[in-house]
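Topology and contacts: notes
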Amino acid sequence: AFRRMHFNGTYALHLPVARDYNLSMGVNVGMANNAFLRDKIELLQQNDATFDSYVSDGTNKFFLDIGAGLLFYSDQLFVGISADQLTKDFVSFGNASTYFQQLMHFKFNAGYKIPVSEEWTIQPSALVKFMRPAPVSWEGNVQVEYNEWIWAALGYRHQDALIGMLGLNINETFKFGYSFDFALS
């Protein structure tokens, strides 16, 4: 019954730290919209005064969304750490009384690219996420890439979802990707 949509802009600065290794520092800034979808709820008791007062002042709110991260990488490997929702709910717009708690999310990721042939590579990777008070969450992915141009990946998020991903490297600066979670929980 809850929906969350984001619109973010991202910028990263890439600095060489050794012959084949770089450090990237990035930030994203944007807006997030949280909405409570009243029509998705099935009330056990019609004309429930508590429910009516819960949604009376509105059911969606916009939040300023800021994230930042560091990524150490080369052509073969990457290791990164990042944090999302750094402003929590300090900056919000709208008069919704519906409770949308914005909590900081911390992520650690790593991966290694294995050349299979001149055209094909396989890249296993892992992502570990932490958000207090939730337990630590992890996922593993395997990406197959053809000619550094088009790629597909499958992933598993522990006790939650299977993930399918497709992408296209337009050039060294721009990439296009799509992912979809198939919920298991």
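The shown structure was predicted, so the numbers you read here are calculated from the model rather than taken from an experiment.

Description of a negative patch on the surface
On the surface, Asp20, Asp75, Glu148 and Glu172 cluster together to form a negatively charged patch. Relative to the assigned elements, Glu172 resides in the loop between strand E11 (161-169) and strand E12 (175-183). A relative accessible area of 81% means that Glu172 is categorised as exposed.

Section: the pattern of salt bridges
One pass over the full model with this rule turns up 6 salt bridges. Glu145 is the partner of Lys113 in a salt bridge, and the nearest nitrogen-oxygen pair spans 3.4 Å. Residue Lys113 is located in the loop between strand E6 (105-112) and strand E7 (114-115), and its partner Glu145 is located in strand E9 (residues 137-146); the two are separated by 32 residues in the primary sequence. Comparing Lys113 with Glu145, the two get one shared label, buried. Linking Glu139 and Arg157 is a salt bridge whose minimum nitrogen-to-oxygen distance equals 3.0 Å. One end of the pair, Glu139, is in strand E9; the other, Arg157, is in strand E10 (residues 150-157), and 18 residues separate them in sequence. Salt bridges sharing partners connect three or more residues here, namely Lys129, Glu139, Arg157, Asp160 and Asp181.

What about the packing of aromatic side chains?
Counting across every chain of the model gives 4 aromatic pairs. Centroid distance Trp120 to Tyr146: 5.0 Å. Interplanar angle 55°. Geometry classified as tilted. Highlighted residues: Trp120 in strand E8 (residues 120-130) and Tyr146 in strand E9, separated in sequence by 26 residues. Between Phe180 and Phe182 the ring centres are 4.9 Å apart and the planes differ by 65°, which places this aromatic pair in the edge-to-face class. For Phe180, a relative accessible area of 41% puts it in the partly exposed group. For Phe182, a relative accessible area of 46% corresponds to the partly exposed category.

Considering the pairing of E11
Where E10 lies against E11, 8 bridges are found, and the strand directions are antiparallel. Across the sheet, Ala153 pairs through a bridge with Met165, a residue of E11. Where E10 folds back on E11, the antiparallel hairpin that results is connected by 3 residues, among which Gln159 adopts a positive phi of roughly 55°. Taking the residues that link successive antiparallel strands as the turn, the E11-E12 hairpin has 5 residues.

Describing unusual backbone geometry
In this model, Arg132 is joined to Pro133 through a cis peptide bond whose omega is 15°. One non-glycine residue, Asn147, lies in positive phi territory at about 55°. Tracing the backbone shows Asn147 in the loop between E9 and E10. Notably, Gln159 is not glycine yet its phi reads approximately 55°, a positive angle. As for its position among the elements, Gln159 is in the loop between E10 and E11.

Analysis parameters
- Residues numbered from 1 in each chain as written.
- Predicted model: local features only at pLDDT ≥ 70, side-chain atom pairs only at ≥ 80, totals over all residues.
- Heavy atoms only, no water.
- Patch = residues over 30% accessible without salt bridge, like charges linked within 9 Å, V, L, I, M, F, W, Y side chains within 5 Å.
- Areas by Shrake-Rupley, 256 points an atom, 1.4 Å probe, with all protein chains shown as cover.
- Salt bridge = Lys/Arg side-chain N within 4 Å of Asp/Glu carboxyl O.
- Lys, Arg positive; Asp, Glu negative; His and termini not counted.
- Charge placed at Lys NZ, Arg CZ, Asp CG, Glu CD.
- Helix = DSSP H or I, 4+ residues; strand = E, 2+ residues; numbered from the N terminus.
- Buried < 20%, exposed > 50% of the residue type's maximum accessible area, 1.4 Å probe, protein only.
- Phe/Tyr/Trp six-rings, centres within 6.5 Å; stacked < 30°, edge-to-face > 60°.
- Pairing = 2+ DSSP bridges.

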